[in-house]
Amino acid sequence: MAAALQTLGGGIGITLHWIAFTPTIEQQATEEQKKKWLKLAQDVAIVGAYAQTEMGHGTFVRGLETTATYDPSTQEFVINSPTLTSTKWWPGGLGKTANHATVMAQLYTRGKCYGPHNFMVQIRSLENHQPCPGVTLGDIGPKMESNGNDNGFARFDHVRIPRENMLMKFARVEADGTYVQPPSSKLAYSNMVYLRGTFVMSAAQALASATTIAVRYSCVRRQSEMKPGEPEPQILEYQTQQYKLFPQLAAAYAFWFASWFMTQQHGSITGSMEKGDMSGLAELHALSAGLKSYTTAVTARGIDVCRMACGGHGYSHASGLPALFGGAAALCTAEGENTVMMLQTARYLVKCFAQSQAGKRLTGTVAYLSAVQPSPVAGNRNMSDLGTLVAAFQHRAARMVRHAAMQMQGEMQKGKAREDAWNSCSVLLIKAAEAHVHSFVVRNFAETVQTVEVDESVRAVLTSLCQLYSLYGITEHAGDFLKDGYLTGRDIDAASSHLSAMLARVRPDAVALVDAFDLHDKILRSVLGRYDGRVYEHLYEWAKKSPLNKSEVHESYYKYLQPFLKSNRAKL
Ligand SMILES: CC/C=C\C/C=C\C/C=C\C/C=C\C/C=C\C/C=C\CC/C=C/C(=O)SCCNC(=O)CCNC(=O)[C@H](O)C(C)(C)COP(=O)(O)OP(=O)(O)OC[C@H]1O[C@@H](n2cnc3c(N)ncnc32)[C@H](O)[C@@H]1OP(=O)(O)O
Ligand SMILES: Cc1cc2nc3c(=O)[nH]c(=O)nc-3n(C[C@H](O)[C@H](O)[C@H](O)COP(=O)(O)OP(=O)(O)OC[C@H]3O[C@@H](n4cnc5c(N)ncnc54)[C@H](O)[C@@H]3O)c2cc1C
């Protein structure tokens, strides 16, 4: 049943029950509270939404307006939407599906505000699914994609909930209204860190889906003449088609491996946090925010490249690519808008750079910032060597982080306030953070292909894919590598020719590489990407099922076209 609900479309949105509501109980509820709600959620005996974003605030969580005011006389919290802009807006499943929600609200007790905290609120009757007293619910209307999901709105008119409905694993309010501080105020945000981490795998899956569709179709589709008089070639024989698709295919593998690292990091750091060691939280936040931002942005662009590479049929919903693009586009905004998330990573990098300047030895994903020499040693580099490529990306990132941080220091030395200096350098900061995440993805890709337990012939293919991904990144951002002479023009030319060689080397394994994602036709939902390659027959069958083909002459002819034609003919 639960699995069936997961796939239900048509106004039933249960995705967020699984990826946000239930994990929030797991991560933010006490053991007592888990006994009350966790099994109900896991067995889908209740259906929940994660209600944080409001009409007026999504990014700035500290600016949320919904209030939860503690009433010690009844030991209840009063949940209220004081303004129109405080209306909860966007949460998946909130409109028509969920009967519970974890509501993020500003906590007030004894007249003082303690900032955003999570509260469990029943929003619909378990008997007849009608909204509970004081709760107004609805769907926010059609969206770019995912219209099977009822992203909804909710308003609360002084809705009373028991004190025990505050998720109190970290912070709590005692019966007399005393607020007990959490180890870190950011622990209330821990589920967002978790969800951002899962978006890295969603991005990898989405890009894997798109490249599977486009590569398979590019082997079915024959078009034009490569040589006069010869049969039309598979469009995948064109180097331009390989240049479009293979870097996206390589990125899908890169992001898949990055999501493995993200999952492992999340597990290990949250494990330490359970024992009271918060030292890894900052790195976890910076990594999850940066990887989510970088992988979802590259994925959305990459899916559209795959769509365009499939010509007109790529633009049809039969391809599955428009829906994938719409979904991936959502990942760029949801769970922390990409710009804001990359700025969070930049904030961490500037902090680490300052620590490194003060002599601290950096560790983890920023360790390279301490190690990289500012003065580059130019020379003929072996641009097919993975170690050389990784070092180039780390040098680029270190240079850009140093440049952005020094620019900011310069602005402050001119008398600017830190916040103004930050804002006037934020484009540089974003580019530096992107370079940092890019270097992490390349390094992780290289380390994974060198250590993953596979047959040596498979390792050789993965190594070519990693070289292709890295060389593509260098040629696409050549200026960053040339700027301080770390790479020379000859190096960039060498990178370009190696990239061409990699395109040709990956070509024979391209179909095997997408088949390895093992995405069933039922998941791909694409006529172009069918495993059996029978595109044309199924394209025709798909079109015949179009609602417009239910009648030979559509009713619109009689309503509009016929009278219009008649009146025009009458004027002749
Ligand atoms: C095989 C299948 C094939 C394909 C299928 C796959 C994919 C298909 C394609 C797509 C998928 C399909 C459809 C897509 C549809 C929908 C997507 C699915 C689900 C959507 C779910 C979405 C849910 C949500 O959006 S929930 C709401 C999310 N909201 C946010 O994320 C809000 C973002 N804002 C914030 O987090 C914060 O406001 C902030 C920006 C971080 C600022 O916080 P704050 O102002 O408090 O902090 P400061 O910036 O001042 O920094 C202070 C200090 O705190 C540290 N900090 C901040 N946050 C954290 C944190 N989370 N953890 C730890 N530390 C944190 C920060 O670093 C500072 O530290 P220092 O002072 O030391 O520097
Ligand atoms: C498909 C989908 C599903 C969603 N599901 C949920 C859900 O289940 N639960 C939930 O609570 N929310 C959900 N959301 C809401 C989502 O979390 C917010 O849309 C997101 O956090 C962005 O906030 P916003 O929409 O208010 O945009 P804003 O924060 O207003 O951002 C608008 C623009 O302003 C820029 N900006 C904002 N702040 C800064 C800054 N400090 N520096 C630089 N630029 C800045 C942003 O970069 C962005 O370009 C969903 C959204 C979508 C699209």
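Residues numbered from 1 in each chain as written. Chains lettered and ligands numbered in written order. Predicted model: local features only at pLDDT ≥ 70, side-chain atom pairs only at ≥ 80, totals over all residues. Heavy atoms only, no water.

This is how the line gets drawn: UniProt positions are given in the numbering used here, feature names are shortened, and annotations may be inferred rather than shown by experiment.
By the naming in an unreviewed UniProt entry, the chain goes by Acyl-coenzyme A oxidase and is assigned to Branchiostoma floridae. What the UniProt record of the chain gives under Cofactor (unreviewed entry) is the line "FAD". Here is the UniProt Pathway (unreviewed entry) comment for the chain, exactly as written: "Lipid metabolism; peroxisomal fatty acid beta-oxidation."

**Re the pairing of strand β3 (residues 76-80)**
What counts here: For every residue, the accessible area obtained with a 1.4 Å probe (protein chains only) is divided by the maximum for its type, and the residue is called buried under 20%, exposed over 50%, and partly exposed between those limits. Under the scheme used here, helices are H or I runs from DSSP no shorter than 4 residues and strands are E runs no shorter than 2 residues, and both carry numbers assigned from the N terminus. Pairing between strands requires that DSSP locate at least two bridges from one strand to the other.
With four of its five residues buried, β3 lies for the most part within the structure. Taken together, the five bridges between strand β2 (residues 67-71) and β3 define a ladder with antiparallel strand orientation. Within the sheet, the bridge partner assigned to tyrosine 70 lies in β3 and is phenylalanine 77. Linking β2 to β3, which pair antiparallel, is a turn of four residues; within it glutamine 75 sits at a positive phi near 55°.

**Here we look at the environment of leucine 482**
The condition is simple: Here, residues are in contact when the closest pair of their heavy atoms is within 4.5 Å.
Position of leucine 482 relative to the elements: it lies in helix α15 (residues 478-482). Sequence-wise, leucine 482 and arginine 396 are 86 residues apart; in three dimensions their C-alpha atoms are separated by 9.2 Å. Apart from residues no more than four positions distant in its own chain, leucine 482 is found in contact with Leu487, Thr488, Gly489 and Ile492.

**Quick notes on the nonpolar core**
For clarity, the cut-off: Joining through side-chain atoms within 4.5 Å is the link that ties buried Ala, Val, Leu, Ile, Met, Phe, Trp, Tyr and Cys residues into a set, and such a set is a nonpolar core.
Of all hydrophobic cores here, the largest spans 113 residues; its most connected members are Phe255, Tyr469 and Ile474. Here this core gets 15 residues from one element, more than from any other, and that element is helix α5 (residues 239-274). Beyond its immediate sequence surroundings of up to four residues, tyrosine 469 is in contact with Pro247, Ala250, Ala251, Ala254, Phe255, Tyr294, His438, Val441, Val442 and Phe445. Grouped together as the second largest cluster of nonpolar side chains are 27 residues, Ala49, Leu107, Ile161 and Val173 included.

**A word on helix α11 (residues 386-413)**
Using the following cut-off: Multiplying 1.5 Å by the helix residue count minus one yields the expected span of that helix.
Spanning 28 residues, α11 covers 40 Å between terminal C-alpha atoms, matching the ideal 40 Å at 1.5 Å per step. In the stretch just after α11, glycine 415 is the one whose phi turns positive, near 105°.

**Brief notes about the state of the cysteines**
The cut-off we apply is this: Two cysteine sulfurs form what is called a disulfide whenever their separation falls within 2.5 Å.
Using the criterion set out here, one finds zero disulfides in the structure. For cysteine 219, which is in no disulfide, the shortest distance to another cysteine sulfur is to cysteine 310 and amounts to 11 Å. There is no disulfide at cysteine 425, and the cysteine sulfur nearest it, in cysteine 352, is 18 Å away. Classification of cysteine 425 as buried rests on a relative accessible area of 3%.

**Some details on the layout of surface pockets**
Basically, it comes down to this: We place a 1 Å grid over just the protein atoms. Points where a 1.4 Å probe fits but has no way out form a cavity, open points with protein on both sides within 12 Å along at least 5 of 7 lines form a pocket, and any residue with an atom within 4 Å of a point lines it. Grid points are joined across faces, edges and corners, and a volume is the space filled by probe spheres set on the points. Each residue is assigned to one class: nonpolar for Ala, Val, Leu, Ile, Met, Phe, Trp, Tyr, Cys and Pro, charged for Asp, Glu, Lys and Arg, and polar for all the others, Gly among them.
Quantified by volume, the second largest pocket comes out at close to 570 Å³. Along the wall of the second largest pocket there are 26 residues; nearest its centre are Tyr294, Val298, Arg301, His438 and His477. At the level of elements, α5, α6 (281-309), α9 (338-357), α11, α13 (426-451) and α14 (456-476) are the ones that each hand at least two residues to the lining of the second largest pocket. If one sorts the elements of the lining of the second largest pocket by residue count, α6 sits on top with seven residues. Residue composition of the lining of the second largest pocket, grouped by class: 12 nonpolar, eight polar and six charged.

**Here we look at the site of ligand 2**
Heads up, the condition is: In this text, near means that some heavy atom of the residue lies within 4 Å of the molecule or strand in question. Throughout this description, a polar contact denotes any pair of N or O atoms lying within 3.5 Å of each other; where both atoms belong to protein, one of them has to be capable of donating a hydrogen while the other can accept it, and for residues adjacent in sequence the pair is counted only when both atoms sit in side chains. In short, Shrake-Rupley with a 1.4 Å probe defines the accessible areas, and a residue's cover is counted only from the protein chains shown.
Every one of the 19 residues lining ligand 2 counts as a neighbour, but Tyr50, Thr53, Gly58, Thr59 and Glu337 are closest to it. At a separation of 2.9 Å, a nitrogen atom of ligand 2 approaches a polar backbone atom of tyrosine 50. The separation between an oxygen atom of ligand 2 and a polar main-chain atom of glycine 58 is 3.0 Å. Expressed as a share of its isolated accessible area of 960 Å², the protein-covered part of ligand 2 is 62%. Those elements that place two or more of their residues in the shell around ligand 2 are α8 (321-333) and α9. No other element matches α9, which puts three residues into the shell around ligand 2. Within the shell around ligand 2, the residues separate by chemical class into eight nonpolar, nine polar and two charged.

**A word on the confidence of the model for the chain**
The condition that has to hold: Values of pLDDT, which run from 0 to 100, indicate the predictor's confidence residue by residue.
Considering every residue of the chain, the mean pLDDT works out to 94; 96% of them sit at 70 or more. Below a pLDDT of 50 lies the segment residues 1-10, which in the model reaches nine contacts outside its immediate sequence neighbourhood of four places, other chains included. Among the prediction metrics, the complex's ipTM stands at 0.97, with pTM recorded as 0.95.

**Side note on the UniProt feature "binding site: FAD" (unreviewed entry) in the chain**
Mapped onto this numbering, the UniProt entry gives "binding site: FAD" (unreviewed entry) at Thr53 and Gly92. Separation in sequence by 40 residues is not matched in space for these annotated residues, since their most distant C-alpha atoms are only 10.6 Å apart. Here threonine 53 is to be found in the loop between β1 (48-51) and β2. Judged by its relative accessible area of 25%, threonine 53 is partly exposed. When neighbours within four sequence positions are excluded, threonine 53 is seen to be in contact with Gly58, Thr87, Lys88, Trp89 and Pro91. Structurally, glycine 92 can be placed in the loop between β4 (88-89) and β5 (100-109). If near-sequence neighbours (up to four positions away) are discounted, glycine 92 is found in contact with Leu16, Ala49, Asp150 and Asn151.

**Examining the site of ligand 1**
Thr59, Lys186, Arg196, Arg347 and Lys351 are the nearest of the 36 residues found near ligand 1. The side chain of histidine 285 places a nitrogen or oxygen atom 3.4 Å from a nitrogen atom of ligand 1. One of the side-chain nitrogen or oxygen atoms of arginine 347 is found 2.7 Å away from an oxygen atom of ligand 1. Compared with its free state, where it exposes 1,500 Å², ligand 1 has 79% of that area covered by protein. The dominant element in the shell around ligand 1, judged by the number of residues it contributes, is helix α4 (residues 190-220), at eight residues.

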